[in-house]
Amino acid sequence: MSNQIITGKVTNEDDEELIGVTVTVQGTTLMNVTDSDGMYSIQTESENALVFSYTGYSPITKYVGSESVINVVMILAVQMD
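Residues numbered from 1 in each chain as written. Predicted model: local features only at pLDDT ≥ 70, side-chain atom pairs only at ≥ 80, totals over all residues. Heavy atoms only, no water.

Participant: Help me out: how do you make sense of the overall build of the protein in this one?
Facilitator: When helices and strands are counted, the protein shows zero helices and seven strands. Its helices and strands taken in sequence order, the protein reads β-β-β-β-β-β-β from the N to the C terminus. Computed over C-alpha atoms, the radius of gyration of the protein comes to 12 Å, within 12% of the 12 Å expected from 2.2 N^0.38 for 81 residues, which places it in the range of a compact globule. Summarising its shape, the C-alpha atoms of the protein cover approximately 45 × 25 × 20 Å along the three principal directions. Evaluated residue by residue, the protein yields a buried proportion of 31% over its 81 residues. Across the protein, every contact between residues at least 6 apart in sequence was considered, and the portion connecting residues at least 24 apart equals 49%. (Helix = DSSP H or I, 4+ residues; strand = E, 2+ residues; numbered from the N terminus. Rg over C-alpha atoms; globule rule 2.2 N^0.38 Å. Buried < 20%, exposed > 50% of the residue type's maximum accessible area, 1.4 Å probe, protein only. Contact = heavy atoms within 4.5 Å.)

The structure is reproduced here in structure tokens:
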């Protein structure tokens, strides 16, 4: 197990920074939120996954592995009427 700090930027499809995206280590209570520049930092083990969630957008799961920077593009959720 390798504990590491993961950083990155979260944007939308128009390359706009998203403020307040919740970044959670899957299966734990460890979490952080993106700042005013869409940036985040979180400490986790290399075998874990990060879950990115934001109101109105589809959640995204990214596995950490050997990555130290994980940038994410959030996609609007499709609403069915």
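Okay, back to it.
Participant: What is the right way to read the nonpolar core from this model?
Facilitator: Generally speaking, soluble globular proteins have nonpolar side chains that are buried together. Counting 16 residues, the largest nonpolar core has Val10, Tyr40, Leu50, Phe52 and Met74 as its most contacted members. Of all the elements in the fold, those that place two or more residues in this core are β1 (3–11), β2 (22–25), β4 (39–45) and β5 (49–53). Residues contacting Tyr40, with those up to four places away along its chain left out, are Ile6, Thr7, Gly8, Lys9, Val10, Val23, Thr34, Leu50, Phe52 and Ile70. (Core = buried A, V, L, I, M, F, W, Y, C linked by side-chain atoms within 4.5 Å.)

Participant: Please clarify how the pattern of salt bridges should be interpreted in this entry.
Facilitator: Pairing is possible between side chains that carry opposite charge, provided their charged atoms lie close to one another. Taken as a whole and judged by the stated rule, the model has one salt bridge. The salt bridge involving Lys9 is made with Glu17; its shortest N-O contact spans 3.2 Å. Overall, the relative accessible area of 30% leaves Lys9 in the partly exposed class. (Salt bridge = Lys/Arg side-chain N within 4 Å of Asp/Glu carboxyl O.)

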